[in-house]
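Single-letter residue listing:
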Amino acid sequence: MKPTVVSADVLFEDHRGQLRWEWIAGLGASERRFDEVAIRAARSGADLVGYLNYIHPYRVQIIGEREIAYLTNATQDDCARRIARIVTLEPPVLVLADGQVAPDALIAMCERAQIPMFATAESSAFVIDVLRAYLSKHFAERTSMHGVFMDILGLGVLITGESGLGKSELGLELISRGNGLVADDAVDLYRINQTTIEGRCPELLQNLLEVRGIGLLDIRAIFGETAVRRKMRLKLIVHLVRRETLEREYERLPYEPLTQDVLGVPIRKAVIQVVAGRNIAVLVEAAVRNTILQLRGVDTYQEFVERHRRAMERDQ
């Protein structure tokens, strides 16, 4: 689901340092927020911010040099009508960019309609980029999954599996081999665009890994700053199973790569059987290396099928 609250004062405070803006009108509307219907309809944060546009209501309207020229370079009546139409868009916030000076009529309209207006010397394009990135993350669809989320060889990998198979112990071994921990036990996943899932650690669990028989370990304190990550993009799910589960539910050599749907995005999946004596950490790293090859267009299984086909043709 998507969160539904970003008020004007939160937006202002979160970007006061980066955008160096001032609140110049609509000071009494600090609780004004995005329309919930618009949030649900938006495909991403990009739909919630843009240059002044009369056919896209309910979004942050950016007013730069060209927009100020449009609002002021006309007859007095036309200018008044153009400014008055902004009210019908019901924007949560107006942002005056490019160091422009707001016309008195625009400020008066914001005060009457209680629309917050911020002013910054930063360029319109920069303001849009910053706010789109912020809103994309804030309004991203999200879910939580159980597992150990790690940075393994530069790839975001979620280790899942049946209870009691040693996911956290495996995570600890992978950390000792130079990989990084994002989250243990619970992982917050966000779809930040149509094809990308980002995983983060809940604040309560940051830097912590629970190992049965030992308890909670502070990975950052034990292994150092480089052993933890704030977030990673999910590229691979490694699912640990017992032998009977593997034989019952999975093919030994699947013709098509396995995937798992996460928030509508197909994520590559590798299934590893857990048996006493197997070095699971080495197998996980091998699965990650193979995934990296696949992402680069190298498919070992398809190459084997092609090699087999050529051999059969020679034998005919």
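How each quantity is defined
Residues numbered from 1 in each chain as written. Predicted model: local features only at pLDDT ≥ 70, side-chain atom pairs only at ≥ 80, totals over all residues. Heavy atoms only, no water. Axes fitted to C-alpha atoms, helices over the stretch in contact; angles between N-to-C directions. Helix = DSSP H or I, 4+ residues; strand = E, 2+ residues; numbered from the N terminus. Parallel < 35°, antiparallel > 145°, perpendicular 65-115°, else oblique. Contact = heavy atoms within 4.5 Å. Nonpolar A, V, L, I, M, F, W, Y, C, P; charged D, E, K, R; others polar. 1 Å grid on protein atoms, 1.4 Å probe; cavity = no way out; pocket = protein on both sides within 12 Å on 5 of 7 lines; lining within 4 Å. Points joined across faces, edges and corners; volume = space filled by probe spheres on them. Buried < 20%, exposed > 50% of the residue type's maximum accessible area, 1.4 Å probe, protein only. Pairing = 2+ DSSP bridges.

The chain has the name HPr kinase/phosphorylase in an unreviewed UniProt entry, where Ramlibacter aurantiacus is given as its organism.

Caption draft 1: Representation of the packing of helix α8 (residues 167-176) against helix α11 (residues 280-295). For the pair α8 and α11, the least separation of the axes is 9 Å and the interaxial angle reads 70°. In terms of orientation, α8 lies roughly perpendicular with respect to α11. Judged by residue contacts, Leu170, Glu173 and Leu174 of α8 engage Ile280, Ala281, Val284 and Glu285 from α11. In terms of residue class, the contact of α8 with α11 is built from five nonpolar, no polar and two charged.

Caption draft 2: Spatial organisation of the layout of surface pockets. There is about 420 Å³ of room inside the second largest pocket. Lining the second largest pocket are 20 residues, with Arg200, Cys201, Gln206, Arg230 and Lys231 positioned closest to its centre. Breaking the lining of the second largest pocket down by element, the ones donating at least two residues are α7 (124-138), β8 (180-193) and β9 (196-200). Sort the elements by how many residues they give to the lining of the second largest pocket and β8 lands first, with three residues. Class assignment of the residues belonging to the lining of the second largest pocket gives a composition of seven nonpolar, three polar and 10 charged.

Caption draft 3: Molecular detail of the side chain of Ser168. If you trace the backbone, Ser168 turns up in helix α8. Taking relative accessible area as the criterion, Ser168 reaches 14% and is therefore assigned buried. Apart from the residues within four sequence positions on either side, Ser168 is in contact with Val148, Asp184, Leu209 and Glu210.

Caption draft 4: Representation of the pairing of strand β3 (residues 60-63). In β3, alternate side chains face the same way, and those of Val60 and Ile62 on one face and Gln61 and Ile63 on the other are all buried. Pairing analysis gives three bridges linking β3 to strand β4 (residues 94-96), with the strands arranged parallel. From the neighbouring strand, Ile63 faces β4, where its bridge partner is Leu96.

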